[in-house]
Amino acid sequence: MSVLVALVALTATGCSGDEVLRFGWPVGVTPQADEMRNLWTWTVIAALVVGVIVWGLIFWTAIFHRKKKNAAVEGPEDLPRQFQYNIPLELFTVVVPTIMVCVLFFFTATTENHVLDKKPNPDVTVDVVAFQWNWEFKYDDANAKLPDGGQVSTIGSSGEIPLLVLPTSKTIEYRLRSTDVIHSFWVPEFHFKRDVMPDPEKNNQDNSFQNTIDREGSFVGRCAELCGTYHSVMNFEVRALSPDKYDQYLKLRTQTNPKTGRLNTASEALTAMNCGELCSPYAVTTKPFNTDRTARTASN
């Protein structure tokens with residue numbers, strides 16, 4: 001009967017088997033997100049197995065051990081066998097849950113170690129600088145050196161969402177730092193969030209992590225730590241491009257725009273690449289916050 005109900009629910013909702021086995025876990029774009037999803041899936045399956053066993057025992061007891069209708073009043077000698085001092089049963093109820101907790105801890109710790117693992121020589125390194133209430137991204141890469149020796153940098157403003165352009169299929173290291181209060185770097189599709197602290201070295205804090213993006217796309221990024229008045233609009237956008245497009249982007253960022261006489265900005269470099277929506281010069285997943293206070297008055 002339960003199998004039939006599950007099949008009806010599956011076909012009625014139009015969900016694929018993969019969607020059902022995610023148990024509500026959102027789709028990620030990194031191998032690390034896939035590992036966390038696998039842990040979630042097997043944890044839910046184990047919980048459901050335990051739940052089915054417990055439900056079965058409850059229903060079995062309620063159905064087959066209930067008092068019969070019109071039964072005579074029972075005396076003490078008619079009570080069913082008592083198990084409060086049953087040593088094997090007590091050992092079972094202690095040992096089995098302990099084993100379950102140990103197994104869950106093992107797989108959780110293993111997944112956590114894989115997600116937090118860092119390769120000694122990442123392909124791309126980005127310095128993420130958070131401040132009230134925006135972001136700056138600096139590329140610490142030999143191919144991202146400016147003519148004056150500085151770094152290619154993208155900084156957000158009240159009129160433009162900053163674009164963090166990254167390559168797919170490459171190991172990326174994010175080094176996080178705040179210039180004022182505690183912020184938090186969060187891209188929902190990464191399934192990973194890390195606080196951005198001021199002076200992390202002084203406080204012995206791990207301020208970096210690594211991942212690899214599996215596919216091209218545009219993904220909204222947010223600050224996930226209440227950091228002040230405009231915290232809710234402290235957004236950015238990750239633009240994941242194929243490695244060849246990413247190399248082209250960095251090359252353009254180190255070149256002078258003949259129209260302005262200055263180095264290409266992120267928007268200008270993407271416009272010059274002309275590769276469709278992925279090269280849209282402005283954010284497509286979020287928009288700037290209107291800082292004009294008069295636009296939010298009651299009279300307007």
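Residues numbered from 1 in each chain as written. Predicted model: local features only at pLDDT ≥ 70, side-chain atom pairs only at ≥ 80, totals over all residues. Heavy atoms only, no water.

**Here's the deal with the overall build of the protein chain**
For step 1, the next point in the chain: Broken down by element type, the protein chain carries 6 helices and 12 strands.
For step 2, the next point in the chain: Going through the 300 residues of the protein chain one by one, you find that 33% of them count as buried. (Helix = DSSP H or I, 4+ residues; strand = E, 2+ residues; numbered from the N terminus. Buried < 20%, exposed > 50% of the residue type's maximum accessible area, 1.4 Å probe, protein only.)

**Let's talk about the pattern of salt bridges**
For step 1, the next point in the chain: Under the defined criterion, the tally for this structure stands at 7 salt bridges.
For step 2, the next point in the chain: Ionic contacts of the salt-bridge type, sharing partners, join the residues Lys118, Arg194 and Asp206 into one network. (Salt bridge = Lys/Arg side-chain N within 4 Å of Asp/Glu carboxyl O.)

**What about the environment of Arg194?**
For step 1, the next point in the chain: Assignment of secondary structure puts Arg194 in strand S7 (residues 192-196).
For step 2, the next point in the chain: Note: C-alpha distance between Arg194 and His183 (11 residues apart in sequence) is 8.8 Å.
For step 3, the next point in the chain: Setting aside its immediate chain neighbours within four residues, Arg194 contacts Leu116, Leu176, Ser184, Phe185, Asp206, Ser208 and Phe209.
For step 4, the next point in the chain: Looking at Arg194, its side chain comes within polar contact range of the main-chain oxygen of Ser208, at 2.6 Å. (Contact = heavy atoms within 4.5 Å. Polar contact = N/O pair within 3.5 Å; in protein donor to acceptor, adjacent residues only side chain to side chain.)

**Focus: the packing of helix H5 (residues 243-253) against helix H6 (residues 266-273)**
For step 1, the next point in the chain: At their nearest, the axes of H5 and H6 sit 9 Å apart, and the two run at 125° to each other. Compared by their axis directions, H5 and H6 come out oblique. Here H5 and H6 pass one another in a crossing that is right-handed. When H5 is examined against H6, the residues Lys245, Gln248, Tyr249, Leu252 and Arg253 are found in contact with a partner set consisting of Ala266, Ala269, Leu270, Ala272 and Met273.
For step 2, the next point in the chain: Residues that form the contact of H5 with H6 fall into these classes: 7 nonpolar, 1 polar and 2 charged. (Axes fitted to C-alpha atoms, helices over the stretch in contact; angles between N-to-C directions. Parallel < 35°, antiparallel > 145°, perpendicular 65-115°, else oblique. Left-handed = near helix turned anticlockwise from the far one by under 90°. Nonpolar A, V, L, I, M, F, W, Y, C, P; charged D, E, K, R; others polar.)

**Concerning unusual backbone geometry**
The bulk of non-glycine residues show a negative phi, and the bulk of peptide bonds are trans.
For step 1, the next point in the chain: Residue Trp133 follows Gln132 across a cis peptide bond; omega there is 0°.
For step 2, the next point in the chain: With respect to the helices, strands and loops of the structure, Trp133 is situated in the loop between strand S1 (124-131) and strand S2 (134-139).
For step 3, the next point in the chain: Of note, Ser169 is a non-glycine position whose phi angle comes to about 60°, a positive value.
For step 4, the next point in the chain: Tracing the backbone shows Ser169 in the loop between strand S4 (163-167) and strand S5 (171-178).

**Structural notes on the pairing of S2**
For step 1, the next point in the chain: A large share of S2 lies buried, amounting to 5 of its 6 residues.
For step 2, the next point in the chain: Here S1 pairs with S2 via 6 bridges, running antiparallel. Bridge pairing in S2 links Asp127 to Lys138.
For step 3, the next point in the chain: Once S1 ends, the chain turns through 2 residues before running back antiparallel as S2.
For step 4, the next point in the chain: In terms of strand pairing, S2 meets strand S3 (residues 152-155) through 4 bridges, oriented antiparallel. If you follow Lys138 over to S3, its bridge partner there is Ser153. (Pairing = 2+ DSSP bridges.)

**Considering the sheet that holds S4**
For step 1, the next point in the chain: Ordered by their spatial adjacency, 5 strands build an open sheet running S4-S10-S9-S6-S7, and the pairing between neighbours is mixed. Among the strands making up the open sheet, the edge pair consists of S4 and S7. Averaged over all pairs of adjacent strands, the angle between strand axes in this sheet comes to 25°, irrespective of strand direction.
For step 2, the next point in the chain: Judged from the 2 bridges that link them, strand S6 (residues 183-187) and strand S9 (residues 217-223) form a sheet pairing that is antiparallel.

**A few points about the pairing of S6**
A regular strand places its side chains on the two faces of the sheet in alternate fashion.
For step 1, the next point in the chain: For S6, the tally of buried residues reaches 4 of 5 residues, placing the bulk of the element in the interior.
For step 2, the next point in the chain: Here S6 pairs with S7 via 5 bridges, running antiparallel. Paired with Val187 across the strands is Phe192, a residue of S7.

**Quick notes on the environment of Glu201**
For step 1, the next point in the chain: Note on placement: Glu201 falls in the loop between S7 and strand S8 (208-212).
For step 2, the next point in the chain: One polar contact links Glu201 to Arg177, side chain to side chain, over a distance of 2.4 Å.

**Here's the deal with the packing of aromatic side chains**
For step 1, the next point in the chain: All told, the structure shown has 13 aromatic pairs when counted by the stated rule.
For step 2, the next point in the chain: Considering the side-chain rings of Trp135 and Phe185, the 5.9 Å spacing of their centres and the 80° angle between planes classify their relative orientation as edge-to-face. On the criterion of sequence distance, the pair formed by Trp135 in strand S2 and Phe185 in strand S6 is long-range, its members being 50 residues apart.
For step 3, the next point in the chain: Of the residues examined, Trp135 reaches a relative accessible area of 0% and is grouped as buried.
For step 4, the next point in the chain: Chaining the aromatic ring pairs together yields one cluster made of Trp135, Phe137, Tyr174, Phe185, Phe190, Phe192, Phe209 and Phe236. (Phe/Tyr/Trp six-rings, centres within 6.5 Å; stacked < 30°, edge-to-face > 60°.)

**A short note on the confidence of the model for the protein chain**
For step 1, the next point in the chain: Taken as a whole, the protein chain shows an average pLDDT of 84; of its residues, 84% reach a score of 70 or greater.
For step 2, the next point in the chain: Low pLDDT, under 50, characterises residues 1-5; the stretch is placed with 0 contacts to residues that sit more than four places away or in other chains. (pLDDT = per-residue confidence, 0-100.)

**Concerning the side chain of Thr111**
For step 1, the next point in the chain: Mapped onto the elements, Thr111 comes out in helix H4 (residues 87-116).
For step 2, the next point in the chain: Judged by its relative accessible area of 13%, Thr111 is buried.
For step 3, the next point in the chain: Each residue touching Thr111, except ones within four places of it in the same chain, is listed here: Glu35, Met36 and Leu39.

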